[in-house]
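Survey of secondary and tertiary structure
Listed below, chain by chain, are the residues.
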Amino acid sequence: MEKMKMMLVDDEERFLSTTQKLLSRKGYDVLTASSGTEALDLLRTHNVHVVILDVKMPGMDGIETLNAIKRNYPLVEVIMLTGHGTIDSAVEGLKSGATDYLTKPTDVQDIIEKAEEAFGKRQVLEDKIRVAQSRTIGKSAREILRETGGQK
Amino acid sequence: MERSPYANLKRVILVSMILVPLTTFILILGIGYYYFTTSLESSTIATIKRIVEDHRHMIDSFLTNRKANLEFVLDSCPFKELADSEALHHVFLNLQKESSTFVDLGLFNREGIHINYQGPYKLVGKDYAEAPWFKEVLKKGHYISDIFLGRRRMPHFIIALKREEAGKTWILRSTIDTYMFNDLVKKIRIGKTGEAYLLNADGIFQTERRSGGNLMDKDPEVMERPLSHAGIKTFLEKDSRGNEYLYATTWLTGKNWLLVVRQEKADAFRFLRAAAYIIVLVTFLGGGAIVGIAFLLTGRIVRRMERLDTEREALGSQLIRASRLAELGEMATGFAHEINNPLQVMKSEHALIDSIVSELKEKGDLPPSESLSEIEDSMAQIDLQISRCGAITQSILKFGRQSEPVVEDIALQEYIPEITAMVEKKAAVQGIALTLEVSEETPPVHGDRGQLQQVLLNLYNNAMDAITSRHGAKGGELVVGARAKEDGKVEIFVRDNGSGISPEDKKKIFSPFFTTKPVGKGTGLGLSVCYGIISKMGGIMEVDSEKGVGTTFNVILPAAKQALIH
């Protein structure tokens, strides 16, 4: 079974490093990014399954980052990390395709639970894709051509 | 009790409220009195003038008639006959039939010798050549004398006529009964003190005066006499005793006598005096009424103004409090937000330490010891305190939450029972009797259901806390109700019989972070959040409480406009 790979995005460096350490100790593979752009850069080179994304960040904020992630990497699950005051942006995030949200200050245990949940969802999705793809392999080249032509 | 601005205002209102109507009132009374007295005076004077006119006419015609009687005798009887005693007696009797005022009748020759006489005295042969009347009658042909004593030493007056016939001159004279004449003049009655009398040109009484003044005395009152015979003169004058009289005088036409009619002024103008008394009475009563009403109304107006001012002050302080609360809320929100990040870091650090410690323990690097358990206890405490901080910041953020409420009309008749049902169980467990008093006429309010629910639940929870702290689990009462208030307002009330709020606490009850609960039990934000919600709905929150008796929270909200259509 594939191992979950997480990415933490927050402007608070110490939060990133500590949480990374904690999660690593629990056996998770964790990347960190201190801004939206950095997160997008990392996503280009790394296969990340779940992103924990702070809503309120300087520069590119959480919602913008979320939209960019969903646009470029639709399969990546995003969990919004929000203060209570920004709960509305959390709702907005959910509407824009975030999987879930966490309220600050949050427990590492909560992060793990939500992340596992999201990862499970992702795996279900990937399985479905694999099944669908394996069916396509069985089809003739003409059928594939017709299908793709029909899509055009 | 009275503050100076009100005292001043009161004085101004009072003075104008008294002066304006009182001036008008007195002016009207004065004008009325003036015209009334003027008309009464002129009518009194007109009356006395008419009386004097009538009276003069009567006296004049009496004298004219007596003169005419004598003329008739002269015309009808020749000298011879008059000189005859028997015949004269006959004539005299006829005259007396004509008028009983003829006392005697006498005939004189040119030289003034009394030739013939009929009457009570013995006057035949007496010489009257030097008598003033005789001289006058010779000169004028006819003469009415003033009252004089004459030979008989009795006041009397005579009418004498001269006749010339065939070079012979004789004179017929008759005495008029003074007493009868006197009565004739005197018999006039005007009011109580009205009287009439005659004066000759020298001011000698020709008739008696009822109020004193004998025949032939000099009138002690020196008064203006009309110069000619032109009409009647009226005037006011004081007599020697100081009584003021209204006089009306006129000269007789047939004789140089002045007819005087006079009446004491007080008597003549007694209606005037009565009117004056009534007017004084009315002035006092009316003035008293005006002053009384002015005092009453001024008191009422000033009290009302005082009340309005107090209300306005209260409203002003409420507004200030509301804006302060809003500022505080904003500040608190920002503060809570900034606190959240460090809290998050602390929490992570704590978790890391925790995990490292457990790992070390597992490996056996940290043998169990007292210090270790103390560290663990301390760590647990840090976790607890971080959670507490988190709870506080969350409450603050809830308080300052800027989210858009979903506004709709809420029918309280259904809504309040719904919300109340949420706490039914809790109330039952705590032995609280829950009563609903939502009037069917309560109009709907306009607001967010969730927010209003938050307010109500907060009030219920506070009430139940207060009840249990006083009664324990028995004997609590919680009444929740709603009703229409005047001016399109709706009142929701939550009344408990709990421990109550002290006056000092009452002032701070809506302030953020104010709580009477033990440390860690309450954030002190509940009521301030409620206050914020109700303010945004355009309403106000009030509290009425007595320590040891209970507390009532009133939420007053504007009724939804829709209600007006029903």
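Residues numbered from 1 in each chain as written. Chains lettered and ligands numbered in written order. Predicted model: local features only at pLDDT ≥ 70, side-chain atom pairs only at ≥ 80, totals over all residues. Heavy atoms only, no water.

With respect to the overall build of chain A
What counts, and what does not: Where helices and strands are cited, they refer to DSSP runs of H or I of at least four residues and of E of at least two residues respectively, numbered from the N terminus. A simple rule labels every residue: compare its accessible area, found with a 1.4 Å probe on the protein chains alone, to the largest value its type can have, and call it buried under 20%, exposed over 50%, or partly exposed in between. Contacts are residue-level and defined by heavy atoms, with any inter-residue pair within 4.5 Å sufficient. Areas reported as accessible are Shrake-Rupley estimates using a 1.4 Å probe. Residue values count occlusion only from the protein chains shown.
The helix and strand inventory of chain A stands at six helices and five strands. Secondary structure elements in chain A, listed N-terminal to C-terminal, are β-α-β-α-β-α-β-α-β-α-α. For chain A, buried positions account for 44% of its 152 residues. A separation of at least 24 residues holds for 60% of the contacts in chain A among residues at least 6 apart in sequence. Accessible surface, chain A as shown: approximately 8000 Å² in total, 50% of it carbon and sulfur.

Brief notes about the overall build of chain B
What chain B contains, in helices and strands, is twelve helices and 16 strands. In chain B, which comprises 566 residues, the share counted as buried stands at 42%. Restricting the contact set of chain B to residue pairs at least 6 apart, pairs at least 24 apart contribute 62%. Carbon and sulfur atoms form 58% of the exposed surface of chain B, whose accessible area is close to 30600 Å².

Considerations on the sheet that holds strand β15 (residues 540-546) of chain B
Residue and element names in this part refer to chain B. Rules: Should DSSP find at least two bridges between two strands, the strands are regarded as paired. Each axis is a line fitted through C-alpha atoms, and for a helix only the stretch in contact is used; angles between axes span 0 to 180 degrees, taken between their N-to-C directions.
As summarised here, the arrangement of the five strands in space is β11-β13-β14-β16-β15, forming an open sheet in which the pairing is mixed. Each of the sheet's edge strands pairs with one partner strand only, and the pair in question is β11 (432-438) and β15. The mean inter-strand angle of the sheet, taken between neighbouring strand axes irrespective of direction, is 10 degrees. The sheet contact formed by β11 and strand β13 (residues 476-485) spans seven bridges and is parallel.

Describing a negative patch on the surface
Convention followed: Exposure above 30% relative accessible area and the lack of any salt bridge qualify a residue for a patch; like charges then connect within 9 Å, and the nonpolar side chains Val, Leu, Ile, Met, Phe, Trp and Tyr within 5 Å. The term salt bridge refers to a side-chain nitrogen of Lys or Arg lying within 4 Å of a carboxyl oxygen of Asp or Glu. Note on charges: Lys and Arg go in the positive column, Asp and Glu in the negative column, and His and the chain ends are not counted at all. Here the site of a charge means atom NZ of a Lys, CZ of an Arg, CG of an Asp or CD of a Glu.
Together, Asp107, Asp110, Glu113 and Glu117 of chain A make up a negatively charged patch on the protein surface. Looking at the element boundaries, Glu113 of chain A is found in helix α5 (residues 108-138).

Side note on the pairing of strand β1 (residues 5-9) of chain A
Residues and elements named next belong to chain A. We count it as follows: Whether a crossover is right-handed comes down to one check: with the strands pointing away from the viewer, does the path from the first strand over the helix to the second run clockwise; if it does, it is right-handed.
Extensive coverage of β1 is indicated by the burial of four of its five residues. Note that the unit made of β1, helix α1 (residues 13-25) and strand β2 (residues 29-33) has a crossover that is right-handed. One ladder, built from four bridges, connects β1 with strand β3 (residues 50-54); its direction is parallel. Within β3, the position partnered with Leu8 by the bridge is Ile52.

Focus on empty space enclosed by the protein
Picture a little ball the size of a water molecule; that probe, rolled over the atoms, points out where space is still empty. Residue and element names in this part refer to chain B. The criterion, for reference: Only protein atoms enter the 1 Å grid, on which a cavity is a set of points fitting a 1.4 Å probe that cannot get out and a pocket is an open set with protein on both sides within 12 Å along at least 5 of 7 lines, lining residues being those with an atom within 4 Å of a point. Grid points are joined across faces, edges and corners, and a volume is the space filled by probe spheres set on the points. Three categories are distinguished: nonpolar for Ala, Val, Leu, Ile, Met, Phe, Trp, Tyr, Cys and Pro, charged for Asp, Glu, Lys and Arg, and polar for the others, with Gly belonging to the last.
All told, the structure shown has one cavity of 30 Å³ or more when counted by the stated rule. Reported here for the largest cavity is a volume of approximately 30 Å³. For the largest cavity, the full set of lining residues is Arg321, Leu325, Lys507, Phe510 and Ser511. Across the lining of the largest cavity, the residue classes tally to two nonpolar, one polar and two charged.

Some words on the pairing of strand β1 (residues 102-109) of chain B
Residue and element names in this part refer to chain B. For β1, the tally of buried residues reaches seven of eight residues, placing the bulk of the element in the interior. The sheet contact formed by β1 and strand β5 (residues 168-176) spans seven bridges and is antiparallel. Following the sheet pairing, Asp104 is matched in β5 by Thr175. In this sheet, strand β2 (residues 114-118) lies alongside β1 in antiparallel orientation, the contact comprising four bridges. Of the residues in β2, the one forming a bridge with Phe108 is His114.

Remarks on the sheet that holds strand β3 (residues 142-144) of chain B
All names here are of chain B. As summarised here, the arrangement of the five strands in space is β2-β1-β5-β4-β3, forming an open sheet in which the pairing is antiparallel. Either end of the sheet is taken by a strand with one partner, and the two such strands are β2 and β3. Strand-to-strand, the axes of this sheet are offset by a mean angle of 15 degrees, without reference to chain direction. The sheet contacts of helix α3 (residues 85-98) involve β1 and β2, and relative to β1 the element is tilted by about 140 degrees.

What to know about the interface of chain A and chain B
As a reminder of what qualifies: As used here, buried area is the combined drop in accessible area, with a 1.4 Å probe, of two parts when they are placed together. Residues adjacent in sequence count toward polar contacts only when both atoms are side-chain atoms; beyond that, a polar contact is any pair of N or O atoms within 3.5 Å, and within protein one must be able to donate a hydrogen and the other to accept it.
Contacts between the two partners involve 21 residues from chain A, matched on the other side by 19 residues from chain B. Surface buried jointly by chain A and chain B totals about 2000 Å² across both partners, of which 59% is contributed by carbon and sulfur atoms. Linking Lys56 of chain A and Glu338 of chain B is a salt bridge whose minimum nitrogen-to-oxygen distance equals 3.9 Å. The tally of links between chain A and chain B comes to seven residue pairs in polar contact (both at pLDDT 80 or more). In terms of residue count, α1 of chain A provides more of the side of chain A that touches chain B than any other element does, seven residues in total.

A closer look at the pattern of salt bridges
Residue and element names in this part refer to chain A. Per the counting criterion, the structure on display carries 27 salt bridges over all chains. In this structure, the salt-bridge partner of Asp41 is Arg44, at a minimum N-O distance of 3.1 Å. Here Asp41 pairs with Arg44, and both are found in helix α2 (residues 36-45), just three residues apart, close to one helical turn. Assessed through its relative accessible area of 63%, Arg44 is described here as exposed. Connected through shared salt-bridge partners, Asp10, Asp54 and Lys104 make up one network.

Thoughts on the nonpolar core
Residues and elements named next belong to chain B. For the record, the criterion: Joining through side-chain atoms within 4.5 Å is the link that ties buried Ala, Val, Leu, Ile, Met, Phe, Trp, Tyr and Cys residues into a set, and such a set is a nonpolar core.
Ranked by internal contacts, the top residues of the largest apolar core, which has 46 residues, are Leu412, Ile416, Leu452, Tyr460, Met541 and Phe553. The greatest single-element share of this core, amounting to nine residues, is contributed by helix α10 (residues 449-471). Apart from residues no more than four positions distant in its own chain, Ile416 is found in contact with Leu436, Val438, Leu456, Tyr460, Val480, Gly481, Ala482 and Ile492. Counting residues in each nonpolar core, the second largest holds 44 residues, with Leu40, Leu107, Ile147 and Leu172 among its members.

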